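# Breakdown of the fold
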Amino acid sequence: MKNSMSWLQIGVVSLCFLLNFNDGIDVLLVSFAGEHIMKEWGLNNAQLGYVFSAGLAGMTAGCFLIAPLGDQWGRRKVFLGSLFLISLGMLFVYFAPSLNALLIFRFITGLGIGGILPNLATVASEFSTDKTRDFNVGIVQGGWPLGAILTGFVVAWVFPLLGWRATFLIASAFSFALLLLVYFFLPESPGFVPESKHSKTKIKELFTPEYRTATLLLWTAIFFGFLTLYTLISWVPTLAKQSGMPFELATYVGMTLNFGAFTGVFVMGLAISQIGIKKTMTLFFIIAFVLMNFYGNVKLDYVINLTLVFFIGFLVQGGFNSFYPAATRIYPAAIRSTGVGLAMGAGRFGAILGPTVFGLLTDSGMSVAGRFLIFSLPILVAVFLLHKIKSKELSLSRPKIG
């Protein structure tokens, strides 16, 4: 493959960026709407944790059940089916009559997101040159926090005028527009080769002697990374509101977290091309651990609070997103969607567990400092496990991927 990107390759990577942007909109909408949902149905913190976790449970199921189909049916068909579920789930949230209905609709939306996210990394990787592959995979992940940032602006305007439900209706329309864009303009990935092998056979390949240890270590590392990441994403805006911040300022906290994440993803992509994945994640996560505990232990004015939130988002999201290029390096094209999808699916049990446990600890009266200490430790475990994966490609800056 040539070192320069063709217009088709640039267009596909850009479309993947927009699709990840759409996922950022969805996940953060429920976070920003959390306080309003609690008031409408009289929920406690633990019940709000269930709302957060319902979407994450759907994502986990989507990673296991839908994402691997990218190796069997093709990446394009998975994109179309996943976007349909996302659009439908968002639309149904607008009409949700009860908490139980909301949980079901959040699960449906998460199912689509779980199906599409791992395939975004796969397609970006397969449409890229060797020189640009890691950076492009990183850029695609940057769509997620950018979607969350712009969601903050929309939320600040729409919530007071139309209520929290209207934002899900708008998001559903945007998702459906992306579905049409994929249908008319996205070609099948060059890395996809139709085979007669059943997806279960491909799953077994992840546990052959060549990949077994790497697979188990990667799954466990992503579990711990998700544990911290999704707890921060889900609870930081709500904590700001509960601390007495005005609604507008609390919204800016969530936006700042994601602006830091957006910046961190780009820097992560550049860092990997220079020093490799293992060193990049180590640097990001160790500094993030220090800043999270400082944030939890010291009472801060608004300016310092926002500054710390920016760097926590920068380091945690930037460090975590190193797992996407890592997974695409570990597995060959024939099992790449399966490998990335199942790794993210297994890891998402951490994303489900984290927000719920944080809500339970909040209701139990545990201090903010104690909660931040508990949820900063998993990222240290994650980077330790990544270092245990014996793959030269994770230490190199620009390996070739077949």
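An account of the accompanying structure is given in this report. Note that the coordinates shown come from a computational prediction; the quantities given were computed from them, not determined experimentally. (Residues numbered from 1 in each chain as written. Predicted model: local features only at pLDDT ≥ 70, side-chain atom pairs only at ≥ 80, totals over all residues. Heavy atoms only, no water.)

With 31 residues, helix α10 (residues 212-242) extends 45 Å between its outermost C-alpha atoms, agreeing within 8% with the 45 Å of an ideal straight helix rising 1.5 Å per residue. Approximately 40 degrees is the largest bend angle found in α10, and it occurs at Trp235, with the proline Pro237 only one to four residues beyond. For α10, the tally of buried residues reaches 24 of 31 residues, placing the bulk of the element in the interior. Of the residues trailing α10, Gly244 is marked for its positive phi of about 105 degrees. (Helix = DSSP H or I, 4+ residues; strand = E, 2+ residues; numbered from the N terminus. Expected span 1.5 Å × (residues − 1). Bend = angle between axes of the 7 residues up to and from the residue. Buried < 20%, exposed > 50% of the residue type's maximum accessible area, 1.4 Å probe, protein only.)

Turning our eyes to something else, we now look at the packing of α10 against helix α13 (residues 302-320). Two elements in contact, α10 and α13, have axes whose closest approach is 10 Å; the angle formed by their N-to-C orientations is 150 degrees. Relative to α13, the element α10 lies roughly antiparallel. Crossing handedness for the pair α10 and α13: left-handed. Every residue of α13 that contacts α10 at Ile222, Gly225, Phe226, Thr228, Leu229, Leu232 and Ile233 is listed here: Ile312, Val316, Gln317 and Phe320. Residues of the contact of α10 with α13, tallied by class, amount to eight nonpolar, three polar and no charged. (Axes fitted to C-alpha atoms, helices over the stretch in contact; angles between N-to-C directions. Parallel < 35°, antiparallel > 145°, perpendicular 65-115°, else oblique. Left-handed = near helix turned anticlockwise from the far one by under 90°. Contact = heavy atoms within 4.5 Å. Nonpolar A, V, L, I, M, F, W, Y, C, P; charged D, E, K, R; others polar.)

This part covers the environment of Val140. When you line up the elements, Val140 lands in helix α7 (residues 133-162). Judged by its relative accessible area of 0%, Val140 is buried. With 46 residues separating them along the chain, Val140 and Tyr94 place their C-alpha atoms 28 Å apart. Apart from the residues lying within four places of it in its own chain, the contact partners of Val140 are Val13, Cys16, Phe17, Asn20, Leu120 and Ala124.

Going through the model one piece at a time under the given rule, you end up with 27 aromatic pairs. Ring centres of Phe320 and Phe323 lie 5.4 Å apart, and the angle between their planes is 70 degrees; on these two criteria the pair is classed as edge-to-face. One aromatic cluster is present, formed by Trp144, Phe226, Tyr230, Phe320, Phe323 and Tyr324 through successive ring pairs. Lying over the aromatic face of Tyr183, Arg76 brings its terminal NZ or CZ to 5.6 Å of the ring centre. (Phe/Tyr/Trp six-rings, centres within 6.5 Å; stacked < 30°, edge-to-face > 60°. Lys NZ or Arg CZ within 6 Å of the ring centre and 35° of its normal.)

Right, let's get into the packing of α10 against helix α15 (residues 336-364). One way to put it is that α10 packs onto α15 with a least axis distance of 6 Å and a crossing angle of 40 degrees. Relative to α15, α10 is oriented oblique. Where α10 crosses over α15, the handedness of that crossing is right-handed. When its residues are assigned to classes, the contact of α10 with α15 shows 18 nonpolar, six polar and one charged.

Before going further, it helps to examine the environment of Pro194. Relative to the helices and strands, Pro194 is located in the loop between α8 (164-185) and α9 (199-205). In this structure the C-alpha to C-alpha distance between Pro194 and Gly341, which are 147 residues apart in sequence, comes to 18 Å.

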